[in-house]
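# An overview of the molecular structure
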Amino acid sequence: FDPSEVNFKKRVLVEDYTGTWCGFCTRVSYAIGQIEAQTSNVVAVAIHRASSVPTNSDYDPYNFDSSALEATLAAVGYPKGYLNRTIQWTSPEDFNIDQVLNLTQGEAPKLGLKLKTEVTGNTANVDVKVLFGQDYSNLKLVLYVLENGLIHYQKNYTNHYGGVNPIPNYIHNHVLRSCETSLFGDAISNTESVTDNEFLRSFTIQLPSSIEDSSNLDFVAFLIDENGTVVNVRKAGIGYDQVYEVL
């Protein structure tokens, strides 16, 4: 057995900067739906933005403060999509689905992730394990908590979803509710990111009170390289004990 010959399934992270008040943001969520109908190798995260003040015109009840991360991005305004953190999804996104699908192809990553998840009451326990098929340096780990099935109106300036504006009972999925590491990732020691080593980090998470239904949670873990680009990503719902996706 030569661990340097091990390759893992390649998954792509899509971070969708959006808002319930943003009428053009539905073109990105629609495009993500089209992609998810074609592949399971894309992991979507909806990062809701703008105001947490209910009286403001750009109020979003799911607003998540990602301003520090956004300050590093070239694109301004909303909507905007980023692929594997550093690649801007070309607008209009719903006409550029292949840009995302193409990133699921090509050379397979030399590291894989698996998650073990459980939720009891308001506490989640998540084990993130990473297996390395080559030596890596200066990697960082990010862990997101997402919620699905959130029902709230959505402004819509597109022809998608029947052209209704606003959409009264829109179902918001992949909504980022908390980040259990730095948004830019927590460092993994170079002594641990070596060939055939298995890295483990365990999280005990006190779930935010803003979460509406803890049974609708997903957990997303990904590794970022020294250039800020995602190397690989994995998602798990509740009650999973995953295996590595070795090719």
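Up top is the structure these notes are about.
A brief look at the structure comes next.

How each quantity is defined
Residues numbered from 1 in each chain as written. Predicted model: local features only at pLDDT ≥ 70, side-chain atom pairs only at ≥ 80, totals over all residues. Heavy atoms only, no water. Helix = DSSP H or I, 4+ residues; strand = E, 2+ residues; numbered from the N terminus. Rg over C-alpha atoms; globule rule 2.2 N^0.38 Å. Buried < 20%, exposed > 50% of the residue type's maximum accessible area, 1.4 Å probe, protein only. Contact = heavy atoms within 4.5 Å. Areas by Shrake-Rupley, 256 points an atom, 1.4 Å probe, with all protein chains shown as cover. Lys, Arg positive; Asp, Glu negative; His and termini not counted. Charge placed at Lys NZ, Arg CZ, Asp CG, Glu CD. Disulfide = S-S within 2.5 Å. Core = buried A, V, L, I, M, F, W, Y, C linked by side-chain atoms within 4.5 Å. Salt bridge = Lys/Arg side-chain N within 4 Å of Asp/Glu carboxyl O. Phe/Tyr/Trp six-rings, centres within 6.5 Å; stacked < 30°, edge-to-face > 60°. Lys NZ or Arg CZ within 6 Å of the ring centre and 35° of its normal. Polar contact = N/O pair within 3.5 Å; in protein donor to acceptor, adjacent residues only side chain to side chain. Pairing = 2+ DSSP bridges. Axes fitted to C-alpha atoms, helices over the stretch in contact; angles between N-to-C directions.

## Section: the overall build of the protein
Looking only at helices and strands, the protein has three helices and 14 strands in total. In terms of C-alpha radius of gyration, the protein reaches 18 Å, essentially the compact-globule figure of 18 Å for 247 residues. Across the 247 residues of the protein, 51% fall into the buried class. Here the analysis covers contacts within the protein between residues at least 6 apart in sequence; of these, 73% occur between residues at least 24 apart. Looking at the protein as shown, the accessible area adds up to about 11100 Å², and 47% of this sits on carbon and sulfur atoms. One finds the centroid of the 17 positive side-chain charges in the protein at a distance of 1 Å from the centroid of its 29 negative side-chain charges.

## As for the state of the cysteines
Taken as a whole and assessed by the stated rule, the structure comprises one disulfide. Note that cysteine 22 is cross-linked by a disulfide to cysteine 25, the S-S spacing being 2.2 Å. On the sign convention where negative means left-handed, the S-S torsion of about 85 degrees between cysteine 22 and cysteine 25 marks this disulfide as right-handed. Across the pair, exposure class does not vary: cysteine 22 and cysteine 25 are buried alike.

## Remarks on the nonpolar core
Membership of the largest hydrophobic core comes to 25 residues, with the highest contact counts inside it found for Leu111, Val128, Ile205 and Phe219. Broken down by secondary-structure element, the contributors of at least two residues to this core are strand E5 (111-120), strand E6 (123-132), strand E7 (140-147), strand E12 (198-206), strand E13 (217-224) and strand E14 (230-236). At five residues, E6 tops the list of elements feeding residues into this core. Here leucine 111 is in contact with Phe8, Val130, Leu131, Phe132, Tyr136, Leu139, Leu223, Val231 and Asn232, once residues within four sequence places are set aside. If you look at the next biggest cluster of nonpolar residues, it comprises 21 residues, including Ile47, Leu146, Phe222 and Val230.

## Section: the pattern of salt bridges
Should their charged atoms come close, side chains of opposite charge can pair. Scanning the model with the defined rule gives eight salt bridges in all. The closest approach of N and O atoms between glutamate 245 and arginine 11, which form a salt bridge, is 2.4 Å. Of the two residues, glutamate 245 is situated in the segment after E14 and arginine 11 in the segment before strand E1 (12-18); the sequence distance between them amounts to 234 residues. Across the pair, arginine 11 and glutamate 245 agree in class, each one buried. For the salt bridge of arginine 49 with glutamate 70, the shortest nitrogen-to-oxygen distance reads 2.3 Å. You can see arginine 49 sitting in the loop between strand E2 (42-48) and helix H2 (67-70) and its partner glutamate 70 sitting in helix H2, a full 21 residues away along the chain. Note on arginine 49: relative accessible area 9%, which makes it buried.

## Digging into the packing of aromatic side chains
Going through the model one piece at a time under the given rule, you end up with seven aromatic pairs. Ring centres of tryptophan 21 and tyrosine 78 lie 5.9 Å apart, and the angle between their planes is 90 degrees; this geometry places the pair in the edge-to-face category. Here the residue tryptophan 21 occupies a position in the loop between E1 and helix H1 (26-36), and tyrosine 78 occupies one in the loop between H2 and strand E3 (80-83), the gap between them amounting to 57 residues. Ring geometry for tyrosine 161 and tyrosine 170: centres 5.4 Å apart, planes at 90 degrees, overall edge-to-face. An aromatic cluster is built from Tyr30, Tyr161 and Tyr170, whose rings are joined through pairwise contacts. Positioned above the aromatic ring of tyrosine 17, the side-chain terminus of lysine 80 is 5.3 Å from the ring centre.

## What to know about the side chain of glutamate 15
Residue placement: glutamate 15 occurs in strand E1. Owing to a relative accessible area of 0%, glutamate 15 belongs among the buried residues under this scheme. Of the polar contacts made by the side chain of glutamate 15, one reaches the side chain of arginine 85; its length is 2.9 Å. For glutamate 15, the side chain forms a polar contact with the side chain of tyrosine 144, separated by 2.7 Å. Other than its neighbours up to four places away in sequence, glutamate 15 contacts Val45, Ile47, Leu69, Lys80, Gly81, Tyr82, Arg85, Tyr144 and Phe222.

## Details of the sheet that holds E6
Across the sheet, three strands lie side by side as E5-E6-E12; this open sheet has antiparallel pairing. The open sheet terminates on both sides in strands that have one partner only, identified here as E5 and E12. Strand after strand, the sheet turns through a mean of 15 degrees between neighbouring axes, direction not considered. Examined bridge by bridge, E6 and E12 share nine bridges and lie antiparallel to one another. By the bridge assignment, alanine 124 is partnered in E12 with isoleucine 205.

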